[in-house]
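So the chains spell out like this:
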Amino acid sequence: MTVVVAGGRPRHLPQSELRSGTGYWVASLVSMMHFDYGRVRQWVPMMIVIQTMMGAGMALLYGFFYPHVTATRALYITTGAPTLALIPLGFVMLPGTVAEQKLEGTFDYIWSLPSPRSAQAASTFVLYTLLALPGSVFALLVAAWRYHVHLAFSPLLVPAVLLCALMAITVGYGMALAISNPMVTNVVTNALMFVVLLFSPIVYPVSQLPRWLATVHYFLPFYNMAVVIRAGLTSGVVAHVAISFVVLAAWTAAGGAATAWVVGRRR
Amino acid sequence: MPELQDASVIVPHGTVERGARHWWHDYAVMVQWHLASLRVWLVTLTIVQLLAGVGFVLGISLFFVRVPMTAALFVSTGVPVINLMTVGLILGPQLVADQKSNGSYEYLRSMPVSRSVTAAAWYTVCLIGGVPAMVVSLGVARLRYDLPLHVSPMIVPAVLLTSFAGTMLGYALGHAIGSPMATRLITQLLVFAIFGFAPILFPLSQMPRWLGTLNWWFPFRQMAVVTRAALTPGGHAAVLSAYVVLGLWAIACAGLAGRALGRRP
């Protein structure tokens, strides 16, 4: 326990003063992304497979429920597939990962690292947004092949998919952080999937819903995700795309705020 | 030989008692054991089953502008099948996997009851977890769609065999597969397959022909056939063969699970 002081500065002690500044933040983000990618690397193929199965599988499955898949239905199902692939990653798999990290203590370890917590959260957002993309592309390809649908790609697709992926991940992450009990998170995510798969106008028009349920969906993210992605894949099918973008941006901000609120507190 | 004498005192009275009287007694005790240890779980499960069943029955109408009678009828008579097999086939193996992970599995196996008692008690619990949800789903379906349902006495063997085959399949998955991870993964995939790739909730004609043929060899299509036949009026083809296929699956799975349970670890 001897601290050798030479020249007024203690040696043998870790450098513990807080570092800050944009340069340090960016450097932290890059190292956290390396760290996070290293941890999820072995799961990446499985994540892509699950996402593809979810998106493409659900697209095939919805077709079985209809006696006759008309051109309109086929278009709705196909353009809904990428949305269906994005939702489980953000709303189920990421909260599940966070719940597991909380149980095994990794979460506390990451928070103890000398990088800003905002950089840690941002690293998760960026990494998972990138990971979400291949699965949704595969889901779209399988659905388009199955239903022989001709798509009209527009440049709107890029911001639409990026915003949807970022929104799903931010909200899923914020939810997993804000709910402290992992069991509750598990129940919420499972209930969400049920709502998404049965009661959300992703693969069918919103006009088929009762008015009150449609109104609820104008404020929830799922319908709006389907709208912006469909707008990027078709022409003349959807209207009011701007409102959907605004709603999605608001959800992203809310997810970010929940994350900021939790990581900003000390326990 | 003092050690031997001591040993005869120390060794507990752990042999399995035989005979019908003992069987019934053990059975009643095991059912009580399951109900007591799973009481919270069973309540949660019943609520989830009710919500899922009613949710499916009501949700299908959103897929259509005007829901066709066939679609409503198939979903309404398919949801009971799913209600019946969820406990035995999906949650049963996951419960066993949990028990294997946390060590209570070995303890349960050390109890001095025969394998048939354990299986029969678990089957009873699966029926208790499935039948109420099935009745409520059917009731809601009738109210919502005004369906031409006709419940025949064949509903009794249909429900008993559907639940039995599902329970035994789950029993085999839980006990015959060593790794809890593999069990969990397989049950997750089964959920997906049952809901979407077996003709339970929609007519066989709406899926590709090869997939329908493939389904003939699996129990899920047959479960739907026997249950639907007992719930709807009119003659039904292929009910007898469905009973045979289901029965064979149940016996084969019971055999697999029994062998796994009889093996010493």
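Cut-offs and rules
- Residues numbered from 1 in each chain as written.
- Chains lettered and ligands numbered in written order.
- Predicted model: local features only at pLDDT ≥ 70, side-chain atom pairs only at ≥ 80, totals over all residues.
- Heavy atoms only, no water.
- Helix = DSSP H or I, 4+ residues; strand = E, 2+ residues; numbered from the N terminus.
- Buried < 20%, exposed > 50% of the residue type's maximum accessible area, 1.4 Å probe, protein only.
- Contact = heavy atoms within 4.5 Å.
- Areas by Shrake-Rupley, 256 points an atom, 1.4 Å probe, with all protein chains shown as cover.
- Lys, Arg positive; Asp, Glu negative; His and termini not counted.
- Charge placed at Lys NZ, Arg CZ, Asp CG, Glu CD.
- Buried area = accessible area lost by both parts, 1.4 Å probe.
- Salt bridge = Lys/Arg side-chain N within 4 Å of Asp/Glu carboxyl O.
- Nonpolar A, V, L, I, M, F, W, Y, C, P; charged D, E, K, R; others polar.
- Patch = residues over 30% accessible without salt bridge, like charges linked within 9 Å, V, L, I, M, F, W, Y side chains within 5 Å.
- Phe/Tyr/Trp six-rings, centres within 6.5 Å; stacked < 30°, edge-to-face > 60°.
- Lys NZ or Arg CZ within 6 Å of the ring centre and 35° of its normal.
- Core = buried A, V, L, I, M, F, W, Y, C linked by side-chain atoms within 4.5 Å.
- pLDDT = per-residue confidence, 0-100.
- Expected span 1.5 Å × (residues − 1).
- Axes fitted to C-alpha atoms, helices over the stretch in contact; angles between N-to-C directions.
- Parallel < 35°, antiparallel > 145°, perpendicular 65-115°, else oblique.
- Left-handed = near helix turned anticlockwise from the far one by under 90°.

1. Things to note about the overall build of chain B
Now for step 1: On a plain count of helices and strands, chain B comes out with eleven helices and zero strands.
Now for step 2: In chain B, the succession of helices and strands from N to C terminus is α-α-α-α-α-α-α-α-α-α-α.
Now for step 3: With the principal axes as the frame, chain B shows a C-alpha extent of 85 × 35 × 35 Å.
Now for step 4: Out of the 265 residues in chain B, the part that is buried amounts to 49%.
Now for step 5: Sequence-distant contacts, at least 24 apart, represent 82% of the contacts inside chain B between residues at least 6 apart.
Now for step 6: In the form shown here, chain B has an accessible surface area of approximately 13400 Å², with 70% of it arising from carbon and sulfur atoms.
Now for step 7: One way to put it: in chain B the 16 positive side-chain charges average out to a point 20 Å from where the 7 negative ones average out.

2. Topic: unusual backbone geometry
Only a minority of non-glycine residues have a phi that is not negative, and only a minority of peptide bonds are not trans.
Now for step 1: Its identity is not glycine, yet H148 of chain A carries a phi of approximately 50 degrees, on the positive side.
Now for step 2: Mapping H148 of chain A onto the fold places it in the loop between α5 (117-147) and α6 (157-178).
Now for step 3: Although it is not a glycine, D146 of chain B adopts a positive phi angle of roughly 55 degrees.
Now for step 4: Following the sequence through the fold, D146 of chain B ends up in the loop between α6 (115-145) and α7 (155-176).

3. Things to note about the interface of chain A and chain B
Now for step 1: With 21 residues of chain A at the interface, the matching set in chain B holds 22 residues.
Now for step 2: Each partner contributes to the roughly 2000 Å² buried at the junction of chain A and chain B, and carbon and sulfur atoms together form 79% of this total.
Now for step 3: Between chain A and chain B we count zero salt bridges in total.
Now for step 4: Residue assignment for the side of chain A that touches chain B shows that the elements contributing at least two residues are α2 (44-64) and α7 (182-199) of chain A.
Now for step 5: The residue makeup of the side of chain A that touches chain B, split by class, is 18 nonpolar, two polar and one charged.

4. As for a nonpolar patch on the surface
Now for step 1: On the surface, a nonpolar cluster with roughly 350 Å² of combined accessible area is contributed by V49 and M53 of chain A together with L185 and L189 of chain B.
Now for step 2: Elements supplying a minimum of two residues to the nonpolar patch: α2 of chain A together with α8 (180-196) of chain B.
Now for step 3: Here V49 of chain A shows up in helix α2.
Now for step 4: V49 of chain A sits in the partly exposed class, given a relative accessible area of 47%.

5. Notes on the pattern of salt bridges
Residue and element names in this part refer to chain A.
Now for step 1: For the structure shown, the criterion picks out one salt bridge over all chains.
Now for step 2: Notably, a salt bridge pairs R39 with D36, separated by 3.4 Å at the nearest N-O pair. Here R39 pairs with D36, and both are found in helix α1 (residues 22-40), just three residues apart, close to one helical turn.
Now for step 3: The class for D36 is buried, based on a relative accessible area of 6%.

6. Re the packing of aromatic side chains
Now for step 1: Under the definition given, this model contains 22 aromatic pairs over all chains.
Now for step 2: Ring geometry for Y66 of chain A and F63 of chain B: centres 6.3 Å apart, planes at 35 degrees, overall tilted. Note that Y66 of chain A is positioned in the loop between α2 and α3 (71-104) and F63 of chain B in the loop between α3 (39-59) and α4 (69-102), a pairing that runs across two chains.
Now for step 3: The exposure class assigned to Y66 of chain A is buried, which follows from its relative accessible area of 2%.
Now for step 4: By relative accessible area, F63 of chain B is classed as buried at 3%.
Now for step 5: Here a set of aromatic residues connected by ring pairs shows up, and it is made of Y62, F64, F65, Y66 and Y204 of chain A together with F63, F64, F192, F197 and F202 of chain B.
Now for step 6: It is R117 of chain A that lies over the ring of W111 of chain A; its NZ or CZ is 4.2 Å from the centre.
Now for step 7: The side chain of R146 of chain A reaches across the aromatic face of Y147 of chain A, ending 5.3 Å from its centre.

7. Examining the nonpolar core
Across soluble globular proteins, you tend to see nonpolar side chains buried next to one another.
All names here are of chain B.
Now for step 1: By size, the foremost hydrophobic cluster in this structure holds 147 residues, and its most contacted members are F63, M85, L89, I194, I200, L201 and F220.
Now for step 2: When residues no more than four places from it in sequence are discounted, the contact partners of I200 are F74, G78, V81, I82, M85, I194, F220, A224 and R228.
Now for step 3: Of all hydrophobic cores here, the second largest spans eight residues; its members include M30, V31, V113 and A121.

8. Comments concerning the confidence of the model for chain A
Now for step 1: With 93% of its residues at a pLDDT of at least 70, chain A reaches an overall mean of 85.
Now for step 2: Ignoring residues within four places in sequence, the model shows residues 1-7 of chain A, a span with pLDDT below 50, making seven contacts including any to other chains.

9. Remarks on helix α11 (residues 239-262) of chain B
A turn of α-helix holds 3.6 residues, and therefore any two residues three or four places apart point the same way.
Residue and element names in this part refer to chain B.
Now for step 1: With 24 residues, α11 should reach 34 Å at 1.5 Å per residue; the first-to-last C-alpha distance of 34 Å fits that figure.
Now for step 2: Within the sequence span of α11, burial applies to V239, A242, Y243, V245, L246, G247, A250, C253, A257, G258, A260 and L261.
Now for step 3: Contacts made by the buried residues of α11 are with α5 (104-109), α6, α7, α9 (209-216) and α10 (219-231).

10. Description of the packing of α1 of chain A against α5 of chain A
All names here are of chain A.
Now for step 1: Running from amino to carboxyl end, α1 crosses α5 at an angle of 50 degrees, the nearest separation of the two axes being 8 Å. Between α1 and α5, the angle is such that the two are oblique. For α1 against α5, the interelement crossing comes out right-handed. Note on element contacts: α5 touches α1 through S118, A119, Q120, A122, S123, T124, V126, L127, Y128 and L131, opposite W25, S28, L29, M32, M33, D36, Y37 and V40.
Now for step 2: Taken together, the residues of the contact of α1 with α5 break down into twelve nonpolar, five polar and one charged.

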